[in-house]
Amino acid sequence: MNQIPALARVFAYLSLLTVGGGMAAFPEMKILTVEAHRWLTFPQLIHLYSVGQMAPGPNMMMIVSIGEWAGGFLGALVTVVAFFGPTALLTFVVARLWKRLEDWPWRTSIQRGLAPVSIGLLLAGCFTMAKGAIAGLDAATIAVVVLLILLQYKINPALLVVASAVVGVLVFKLK
Amino acid sequence: MLDVFLEFLVIGATSFGGVVPYLRAALVTKRQWIDDKEFVEMLSISQSLPGLNATNMAILVGEKLRGMVGSIVAILGICLPGGALMYLVGMFYKMHGDHAWATAALKGVAAAAVGLILSTVVQLSKKSLAGKFDFIFMAMTVLAVNRLHQSVPRALIVVGILGILFHRPLRAQKASAAR
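Computed from a predicted structure; not experimentally measured. (Residues numbered from 1 in each chain as written. Chains lettered and ligands numbered in written order. Predicted model: local features only at pLDDT ≥ 70, side-chain atom pairs only at ≥ 80, totals over all residues.)

Helix and strand counts for chain B stand at eight helices and zero strands. Along chain B, helices and strands appear, N-terminal first, in the series α-α-α-α-α-α-α-α. For 179 residues, the compact-globule estimate of 2.2 N^0.38 gives 16 Å, and the C-alpha radius of gyration of chain B, at 20 Å, exceeds that figure by more than 25%. Viewed in the frame of its principal axes, chain B has a C-alpha envelope of about 55 × 45 × 25 Å. The 179 residues of chain B split such that 45% are buried. Nonlocal contacts in chain B, meaning residues at least 24 apart in sequence, comprise 43% of its contacts between residues at least 6 apart. (Helix = DSSP H or I, 4+ residues; strand = E, 2+ residues; numbered from the N terminus. Rg over C-alpha atoms; globule rule 2.2 N^0.38 Å. Buried ≥ 20, exposed ≤ 12 C-beta atoms within 10 Å, placed from the backbone. Contact = placed C-beta atoms within 7 Å.)

Moving on: the domain arrangement of chain B. Each assigned domain of chain B is listed with its residue range as follows: domain 1 (1-96), domain 2 (98-127) and domain 3 (129-179). Computed over C-alpha atoms, the centres of domain 1 of chain B and domain 2 of chain B are 23 Å apart. (Domains from an automatic or database assignment.)

Moving on, we get to the packing of helix 7 (residues 157-173) of chain A against helix 5 (residues 100-128) of chain B. Interhelical geometry of helix 7 of chain A versus helix 5 of chain B gives an angle of 135° and a closest axis separation of 7 Å. Here helix 7 of chain A lies oblique to helix 5 of chain B, going by the angle between them. Crossing geometry of helix 7 of chain A relative to helix 5 of chain B is assigned as right-handed. Every residue of helix 5 of chain B that contacts helix 7 of chain A at Pro157, Leu160, Val161, Ser164, Ala165, Val167, Gly168, Val169, Val171, Phe172 and Lys173 of chain A is listed here: Ala100, Trp101, Ala104, Ala105, Leu106, Lys107, Gly108, Val109, Ala111, Ala112, Ala113 and Leu116 of chain B. Here the contact of helix 7 of chain A with helix 5 of chain B is composed, by residue class, of 18 nonpolar, three polar and two charged. (Axes fitted to C-alpha atoms, helices over the stretch in contact; angles between N-to-C directions. Parallel < 35°, antiparallel > 145°, perpendicular 65-115°, else oblique. Left-handed = near helix turned anticlockwise from the far one by under 90°. Nonpolar A, V, L, I, M, F, W, Y, C, P; charged D, E, K, R; others polar.)

Structural data, given as structure tokens:
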């Protein structure tokens, strides 16, 4: 079955929802990729997203894996172009306008008005993910410890993710 | 041109754990393609628009340096290493992801990712939320998506418009006049 057009549609749509960060699109990504198109399961989506946090570059490159599963190399390519194309074009156009709008009073209004919404979307995405990722007290403890360390110390988050993989093996495998 | 591509390729290959500090080190400190003020301004545009900070910054800096072609090579450069890596990781995970050791490690990684996102939420809130109404708008967004199961765009548009109207120019002027 040819999934390429569906991949292009879904990821172009998700692209426009990533206000404030990739996580903002996560609830919708779950509905579309897991429930509607069944390209992967919810645990797989959580795993890919989480592993993606260890990779360098933009933190949503895990979409490449979804594209590859659903449509091979072409699927991966189409997914990336669909996910980054629309927002790239928008940013390119707005960047030129934005400078001219420097004195426009609504400019600040838009920035300040959208800030709480984009943070809310990140948090909503986080809750959606937590429902699948935090199954018990062990996992909750790891999440809280990572949160506290990041708030307290200036440490590279990727290191903490790697460390949590080791903790995961110790806690969940040896039990 | 090749310079732009290579610099973003290096950022794309080395920026473990979040691109923003790497972007600043490479573009402001090392290359001096933009100054600190421009960097902060571009970052604020990147955060207000849809799209990831990393790719939006690549577009903005690329555009400033070499116009449209600059934007294209910058975004290609920053996406290529991570994309290639996740392509391989995806294939590997498909083959070995259900191995008991892998499942255990992935559980830990997923829990850590939740903590990581929460820390981003806390840091952004400290920086850009002011007053109780901002927190109410944030809570409304969360409730709309998680509890009322509204689609993300609907929540974004409705609460976004409320937020923008709340921070409308007249009010902002009055607030700054009162200070």
